[in-house]
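Examination of the molecular architecture
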Number of protein chains: 2
Amino acid sequence: MENTFLKHISRSTPHHRLVPLGIGDDAAILGHTDNLDTVVTTDMLCDGVHFLSDEVTPELIGRKALAVNLSDIAAMTATPVAAFVSLALPRDLEHDYVYRLMNGIRELADEFDVAIAGGDTNSWDGKLAINVCLSGIVARRNAKLRSTAEPGDWILVTGELGGSILGRHLTFRPRVDEALKLAVAADINACMDISDGLLLDLSRMMEASNTGAVLDYDQIPISPAARQRAIETGLPPIEHALSDGEDFELLFTLPAMEARTLLANPPFTDVRLSHIGKIIGEASGLFRRVPDGNLLNVQPKGFEHEWHP
Amino acid sequence: MENTFLKHISRSTPHHRLVPLGIGDDAAILGHTDNLDTVVTTDMLCDGVHFLSDEVTPELIGRKALAVNLSDIAAMTATPVAAFVSLALPRDLEHDYVYRLMNGIRELADEFDVAIAGGDTNSWDGKLAINVCLSGIVARRNAKLRSTAEPGDWILVTGELGGSILGRHLTFRPRVDEALKLAVAADINACMDISDGLLLDLSRMMEASNTGAVLDYDQIPISPAARQRAIETGLPPIEHALSDGEDFELLFTLPAMEARTLLANPPFTDVRLSHIGKIIGEASGLFRRVPDGNLLNVQPKGFEHEWHP
């Protein structure tokens, strides 16, 4: 099908990674050099769930729609290439609103050298929904998975966690560059992004890897927003760092020796790297080490996006 | 982000074209052999626009969501590989309904050997919307475009046109196999699928190719449904064949000599091939040849999906 709306946007985006870019055709063509794998992710943002259209600018809504997908590509330590944007637009939405929304997508796309290579625009008697599908490239068999954590690995996270609902969930910078630098600097075993809360996402990594994890709560980087949020909720700040959704930081594991070298010589200094625990093979699930040295089982309480009727 | 719902579906789909299939990770990995291009398309179906959820089974809604994307991949004469399914589900939708919808997608995916390789599931206080993003592969630089029609080319279409609203828009078989056979059998210059009506889509091809087209209305294959529809609307059946949306047939052009050979030895016999006109270089736009031999300019009246506030 056709998407005339996107054509104007697309022609202004860089696309040197695509040969050729089949804008206006039924599908976009991604040509790439040999020895690469293509990675593809998709996320849909829905009004009232991932954003509130009456509280947030259209630019930030568009930005977030791409940013959450960039975070998924970063989690594979891949380089983003081309975005495909589908819009379900309320019939009475103003033209200017849609341009502002697309500008929010385009500005972030430009920043990460991503082409907006296709899409689909619909108007309906429904609320605003935006789907972005994003492809990326990575050296063959070099995409990082969540299922390959190894016992003995150290667990690291980028940035600071918690309280993103206070604004960072709209303005966060996807860790694309950091992920690529980490993948070059160290031999990472497993990686994912934290989208539904550290504990919940780590438990998914442990399930996929058939391993367990021991966390050192003292080392978990608590964001200022998590502390602010804690004042509002009355919960300890660490709870927000552990369980708030939409951090969009990297959660990764690597052999202890690799981790020590990495922490001694981090490949970037503007984003924090924290060693928050280690992988164990003898038990599944999550544990925290308490002052007496014992391990306490931890139940994840993150944000579940899934549909549970 | 996570999509536990899709995991169960995905594991049952064939995926021998993917190495490995990163189900459950942040992105799916598409590994493929050298000398291939990846093509990607996306289409969103919205309740009340592309289907009526209170009149159509969830299986057919799911089927259509994938089928329209398969048609786009067919239009590039590519082989579909992996589908990424995003759902916006009304909060009160029953679990069984969603399984039936996914089954509709899966059955068609199985038929075309497509892996459901990722997706995103959301529930919201809104109506049902389904986005499918579909990737495919094609020999490098062999994807057919709409912008490469050449003066002198004959214009051909598969199947019969018009009246798909009476049911075929839900049950049509995407022309994936036919497109691949055509690409092998003949040297096709330009190809697209007819999604918004023959005249409108052909006018887009002409605009992209900077050419004009002369149609022979007598040769346009009118479907039985178009004749049925004509009884209901009082319009001539040819009008429905020319302008009804959602035919999802192939519209392609090729040199006259190639076309003659192809029509003499069609690579399939169960789907009709019709020679409906030719490409001209001396004028842009669409024309029909009338009995006195003159050309009349034709204005396309197809279905415009785009958003016009």
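All figures in this text were calculated on a predicted structure; none of them were measured in a lab. (Residues numbered from 1 in each chain as written. Chains lettered and ligands numbered in written order. Predicted model: local features only at pLDDT ≥ 70, side-chain atom pairs only at ≥ 80, totals over all residues. Heavy atoms only, no water.)

1. Quick look at the overall build of chain A
Our working rule: For the purposes of this entry, the term helix denotes a DSSP run of H or I that reaches at least four residues, the term strand denotes a run of E that reaches at least two, and both are numbered from the N terminus. Using a 1.4 Å probe on the protein chains alone, a residue whose accessible area is under 20% of its type maximum counts as buried, one over 50% counts as exposed, and one in between counts as partly exposed. Any two residues whose heavy atoms approach within 4.5 Å are treated as being in contact. Computed by Shrake-Rupley with a 1.4 Å probe, the accessible areas treat only the displayed protein chains as cover when residues are assessed.
Looking only at helices and strands, chain A has nine helices and twelve strands in total. Residues classed as buried in chain A amount to 62% of the 309 residues present. When contacts within chain A are restricted to residue pairs at least 6 apart in sequence, those whose partners lie at least 24 apart make up 84%. When the accessible surface of chain A is summed, it comes to about 11400 Å², and 49% of that surface belongs to carbon and sulfur atoms.

2. Some remarks on the sheet that holds strand 8 (residues 212–215) of chain A
Residues and elements named next belong to chain A. Rules: Pairing between strands is defined by DSSP: at least two bridges between the two strands are required. In this analysis an axis means a line fitted to C-alpha atoms, helices contributing only their contacting stretch, and an angle means the value between N-to-C directions, from 0 to 180 degrees.
Read across the open sheet, the seven strands follow the order 7-9-6-10-8-11-12; overall the sheet is mixed. Unpaired on one side and paired on the other, strand 7 (190–194) and strand 12 (295–298) mark the two borders of the sheet. Taking the axes of each pair of neighbouring strands and ignoring which way they run, one obtains an average angle of 30° across the sheet. Here strand 8 pairs with strand 11 (residues 285–289) via four bridges, running parallel. Each residue of the ladder has a partner; that of A213, found in strand 11, is L286. Packing of helix 5 (residues 176–185) onto the sheet brings it into contact with strand 6 (154–158), strand 9 (249–254) and strand 10 (273–280), and relative to strand 9 it is tilted by some 10°. This element, helix 6 (residues 198–209), spans strand 6, strand 7, strand 8, strand 9, strand 10, strand 11 and strand 12 of the sheet and lies at about 150° to strand 7.

3. Concerning the domain arrangement of chain A
Interface size is commonly expressed as the accessible area that is lost once the parts come together. Residue and element names in this part refer to chain A. Going by this rule: Where a domain begins and ends is set by an automatic assignment or by a domain database. Note on terms: buried area is the combined drop in 1.4 Å-probe accessible area of two parts once they are placed together, counting the loss on both. For salt bridges, the criterion is a side-chain nitrogen of Lys or Arg within 4 Å of an Asp or Glu carboxyl oxygen. Two N or O atoms form a polar contact when they lie within 3.5 Å of each other; inside protein one atom must be a possible hydrogen donor and the other a possible acceptor, and for residues adjacent in sequence the pair counts only when both atoms belong to side chains.
Assigned domains of chain A: these are domain 1 (2–139) and domain 2 (154–298). Taken together, the contact between domain 1 and domain 2 spans 18 residues of the former and 18 residues of the latter. With both sides pooled, the region where domain 1 packs onto domain 2 buries about 1600 Å², and carbon together with sulfur makes up 65% of that total. Interface area lost by domain 1 to domain 2 is led by K64, T77 and F112, which between them contribute 31%. Among the ionic pairs, R173 bridges to E111, the shortest N-O distance being 2.4 Å. Where domain 1 meets domain 2, there are seven residue pairs in polar contact (both at pLDDT 80 or more). Contributions of two or more residues to the side of domain 1 that touches domain 2 are made by helix 2 (58–75) and strand 3 (79–90).

4. Comments concerning the pattern of salt bridges
In total, this model carries 24 salt bridges over all chains according to the counting rule given. Here D201(B) makes a salt bridge to R204(B), at a shortest N to O gap of 2.9 Å. Here D201(B) pairs with R204(B), and both are found in helix 6 (residues 198–209), just three residues apart, close to one helical turn. Per residue, the accessibility class of D201(B) equals that of R204(B), and both read buried. Ionic contacts of the salt-bridge type, sharing partners, join the residues E111(A), R173(A) and D177(A) into one network.

5. Overview of helix 6 of chain B
Counting along an α-helix, one turn takes 3.6 residues, and residues three or four places apart therefore face a common direction. Residues and elements named next belong to chain B. To keep things clear, this is the line we draw: Here the expected span of a helix is defined as 1.5 Å times the quantity of residues minus one.
The first and last C-alpha atoms of helix 6 sit 16 Å apart over twelve residues, in line with the 16 Å expected at 1.5 Å per residue. Helix 6 sits mainly inside the fold: ten of its twelve residues count as buried. Just downstream of helix 6 lies N210, where phi reads positive at about 60°.

6. Describing the sheet that holds strand 6 (residues 154–158) of chain B
All names here are of chain B. The strand order across the open sheet formed by seven strands is 7-9-6-10-8-11-12, and the pairing between neighbours is mixed. At either margin of the open sheet sits one strand with a lone partner, and together these are strand 7 (190–194) and strand 12 (295–298). Between one strand axis and the next, the sheet turns by 30° as a mean value, whatever way the strands run. Of the strands in this sheet, strand 6, strand 9 (249–254) and strand 10 (273–280) are in contact with helix 5 (residues 176–185), which crosses strand 9 at around 10°. The strands that helix 6 touches are strand 6, strand 7, strand 8 (212–215), strand 9, strand 10, strand 11 (285–289) and strand 12; relative to strand 7, the one it contacts most, it runs at about 150°.

7. Observations regarding the packing of aromatic side chains
We describe a pair of aromatic rings using the distance from one ring centre to the other and the angle between the two ring planes. Spelled out, the test is: Only Phe, Tyr and Trp rings are paired, with Trp represented by its six-membered ring, and only when their centres lie within 6.5 Å; those with planes under 30 degrees apart are stacked, over 60 edge-to-face, the remainder tilted.
Using the criterion set out here, one finds three aromatic pairs over all chains in the structure. When the centroid spacing of 6.2 Å and the interplanar angle of 20° are considered together, the rings of W124(A) and W124(B) count as stacked. With W124(A) in strand 4 (residues 115–124) and W124(B) in strand 4 (residues 115–124), this residue pair bridges two chains. Residue W124(B) is classed as buried on the basis of its relative accessible area, which comes to 0%.

8. Some words on the interface of chain B and chain A
With 73 residues of chain B at the contact, the number on the chain A side is 72 residues. For the pairing of chain B and chain A, the buried interface totals around 6100 Å² over both sides, and the portion due to carbon and sulfur atoms is 59%. For the pair chain B and chain A, the number of links is zero salt bridges. There are ten residue pairs in polar contact (both at pLDDT 80 or more) connecting chain B and chain A.

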